[in-house]
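A look at the structure
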Amino acid sequence: AERRARKLARKLRADSIAGYTNEDNPFGDANLTERFVWRKKIARDVQAGADMADELTLDAERRRHAERLAEIEKVKRRREERERERAEHDAEMEQLMRERAMLEFAGWEQKEDEFHAQQARVRSEIRLAEGRAKPVDVLAKQLAAGLDFDFQTKPRDVMAELTEREVLDLREDVAHQLALMEGAGQSVGMEHDFWGAMLLCVDEKLRVLREKAEEERRGRRGKQGQGAVGGSDDIHAEVDSLLEGKSTSALEEMEAQVVATLTGGGAVEVEYWERVKARLAYFKAAALLEDIHAVLADKSVDAQRRAMMEEGAAPVGGPRDPAAAAAEEEERLAREAERADAEEAAARQEAFRATRAIGSPSP
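Being a predicted model, the structure only gives us computed values, none of them experimental.

1. A short note on the overall build of the protein
- A tally of helices and strands in the protein yields ten helices and zero strands.
- A total of 363 residues make up the protein; the buried ones form 26% of that total.
- Counted over contacts in the protein with a minimum sequence separation of 6, partners at least 24 positions apart contribute 72%.
- Carbon and sulfur atoms make up 52% of the accessible area of the protein, which totals about 24100 Å².

2. Considering the packing of aromatic side chains
- Under the defined criterion, the tally for this structure stands at four aromatic pairs.
- When the centroid spacing of 5.2 Å and the interplanar angle of 80° are considered together, the rings of phenylalanine 194 and tryptophan 195 count as edge-to-face. Residue phenylalanine 194 shares its accessibility class with tryptophan 195, and that shared class is buried.

3. Details of the packing of helix H4 (residues 135–144) against helix H6 (residues 190–220)
- Running from amino to carboxyl end, H4 crosses H6 at an angle of 150°, the nearest separation of the two axes being 11 Å. Considering only the axes of H4 and H6, their crossing is right-handed. Between H4 and H6, the residues in contact are Val136, Leu139, Ala140 and Leu143 and Glu191, Phe194, Trp195 and Met198, respectively.
- Here the residues of the contact of H4 with H6 are counted per class, giving seven nonpolar, no polar and one charged.

4. A word on the pattern of salt bridges
- Following the criterion strictly, the structure yields 14 salt bridges and no others.
- The shortest N-O distance in the salt bridge between glutamate 94 and arginine 98 comes to 3.1 Å. Within this pair, glutamate 94 and its partner arginine 98 are both found in helix H3 (residues 58–129), separated by four residues, close to a single helical turn.
- The exposure class assigned to arginine 98 is partly exposed, which follows from its relative accessible area of 42%.
- Residue arginine 207 is joined to glutamate 211 by a salt bridge in which the shortest nitrogen-to-oxygen separation is 2.6 Å. One end of the pair, arginine 207, and the other, glutamate 211, are both in helix H6, four residues apart, so they sit about a helical turn from each other.
- Taken together, the salt bridges that share partners define one network made up of Glu204, Arg207, Glu211, Asp240 and Arg279.

5. Brief notes about helix H8 (residues 248–263)
- Given a rise of 1.5 Å per residue, 16 residues ought to cover 22 Å, and the 23 Å separating the end C-alpha atoms of H8 matches this to within 8%.
- Restricting attention to buried positions, one finds in H8 the residues Thr248, Leu251, Met254, Val258 and Thr261. For H8, the buried positions fall inside an angular range of 135° around the axis, keeping them on one side. Every exposed residue of H8 that faces more than 90 degrees away from the buried side is listed here: Ser249 and Thr263.
- Positive backbone phi, approximately 75°, marks glycine 265, located one or two places after H8.

6. Comments concerning the side chain of glutamine 142
- Mapped onto the fold, glutamine 142 is located in helix H4.
- Setting aside residues no more than four positions away along its own chain, glutamine 142 makes contact with Phe149, Asp150, Thr153, His293 and Leu296.

7. Some words on the nonpolar core
- One finds Met159, Leu170, Trp195, Met198, Leu243 and Val276 to be the most contacted residues of the largest nonpolar core, which totals 44 residues.
- Counting residues per element, the ones that place at least two in this core are H4, helix H5 (164–183), H6, helix H7 (232–243), H8 and helix H9 (270–311).
- If you tally residues by element for this core, the top one is H9, at 14 residues.

8. Brief notes about the side chain of glutamate 204
- Mapping glutamate 204 onto the fold places it in helix H6.
- Ignoring anything within four residues of it in the chain, the contact list for glutamate 204 reads Arg279 and Tyr282.

9. Observations regarding the confidence of the model for the protein
- Model confidence for the protein is summarised by a mean pLDDT of 76, while 69% of its residues fall at 70 or above.
- Taken element by element, the predicted model of the protein shows its lowest mean pLDDT in helix H1 (residues 2–11) (61) and its highest in H6 (89).
- pLDDT under 50 marks residues 314–320. Its contacts with residues more than four places away, or in other chains, come to five contacts.
- Below pLDDT 50 for its whole length, residues 355–363 participates in 18 contacts with residues either more than four positions away or in separate chains.

10. Section: a positive patch on the surface
- Together, Lys74, Arg77, Arg78, Arg82 and Arg86 make up a positively charged patch on the protein surface.
- The partly exposed category is assigned to arginine 77, whose relative accessible area is 49%.

11. Remarks on the packing of H4 against H5
- Following both chains from N to C, one finds H4 and H5 inclined at 40°, their axes separated by 9 Å at the closest point. As the angle between them shows, H4 and H5 are arranged oblique. Residues Pro135, Val136 and Leu139 of H4 touch H5, and the partners they reach there are Leu170, Asp173 and Gln177.
- Taken together, the residues that form the contact of H4 with H5 break down as four nonpolar, one polar and one charged.

12. Some remarks on the environment of leucine 262
- Along the chain, the position of leucine 262 falls in helix H8.
- Setting aside chain neighbours within four positions, we find leucine 262 in contact with Val270, Trp273, Glu274 and Lys277.

13. Description of the environment of arginine 171
- Considering the arrangement of structural elements, one finds arginine 171 in helix H5.
- Setting aside its immediate chain neighbours within four residues, arginine 171 contacts Leu199, Val202 and Asp203.

Parameters and conventions
Residues numbered from 1 in each chain as written. Predicted model: local features only at pLDDT ≥ 70, side-chain atom pairs only at ≥ 80, totals over all residues. Heavy atoms only, no water. Helix = DSSP H or I, 4+ residues; strand = E, 2+ residues; numbered from the N terminus. Buried < 20%, exposed > 50% of the residue type's maximum accessible area, 1.4 Å probe, protein only. Contact = heavy atoms within 4.5 Å. Areas by Shrake-Rupley, 256 points an atom, 1.4 Å probe, with all protein chains shown as cover. Phe/Tyr/Trp six-rings, centres within 6.5 Å; stacked < 30°, edge-to-face > 60°. Axes fitted to C-alpha atoms, helices over the stretch in contact; angles between N-to-C directions. Left-handed = near helix turned anticlockwise from the far one by under 90°. Nonpolar A, V, L, I, M, F, W, Y, C, P; charged D, E, K, R; others polar. Salt bridge = Lys/Arg side-chain N within 4 Å of Asp/Glu carboxyl O. Expected span 1.5 Å × (residues − 1). Arc of directions from axis to C-beta. Core = buried A, V, L, I, M, F, W, Y, C linked by side-chain atoms within 4.5 Å. pLDDT = per-residue confidence, 0-100. Patch = residues over 30% accessible without salt bridge, like charges linked within 9 Å, V, L, I, M, F, W, Y side chains within 5 Å. Lys, Arg positive; Asp, Glu negative; His and termini not counted. Charge placed at Lys NZ, Arg CZ, Asp CG, Glu CD. Parallel < 35°, antiparallel > 145°, perpendicular 65-115°, else oblique.

This is the structure in structure tokens:
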């Protein structure tokens, strides 16, 4: 029986088992492909009277070999599955660590932007205190609506006497303020709206200065009559006259009407209404600055009243300083006069619109 088993083992010898060879296998077995003959078990079974004829056949050994190979394949698949699961888990943990790092970095980045915004305010206050304020410092002081708020200086007034170079510097400062606010997560609110509207107004001032400089250059060359012709300047002036002095809500309503006119088809003067649409952005920004200035003025008045009450200068229900009362009344009358002028200008523009039907050619 033992000789028969050895003979059977030689017949079943293979070059590889489950893809492994004697030279290449994870078990370090140099005799992997040789069939093992369990001599002591065979001898014991023979002594016990077991019939080994069926057990030591080629078919029986091949059947057992196939069962062993199937078991090896199962073990191999389970190991590969565990390795794949471990790799997926490691990849998920790595992704989670990256996301955590990104969140922490975003938080630190926002704190850094907040710090820079605070430092910018401190530098602005120092320049104001030392008498070397930049236009953006004046705007920041007005936006703070403190006790030193200048009721007569409106946001666009700071650009009245600026040169083109100074307006470019102001534009850079305003854009920097916007970037700091957005980096600090303050992309909504009145302060952000203020700087956004101011940026549009600065761009308009820059355009006007450049056009004026170009006209002066053409004048020095004696070519005033060789510029753009055909009524373009007249249309520009007419559009500005139409939009000047309107409130924010009126401008938004007009914008919706213009869009409806341009998209509705029909015979319309496209150039005119495209010009109106293009100019609406600036006039809406200018109107928004006026609205914000009024809100800031009211906040400053409230702050001044609280300061006076805290100092005991004007107790509630007590006597008031005649000079202060006269100044406050004069200020109130001035604001009412400004509102009346704005309403009168709006009424004139509405009358002008009534005489010009939407879609009619420009006079």
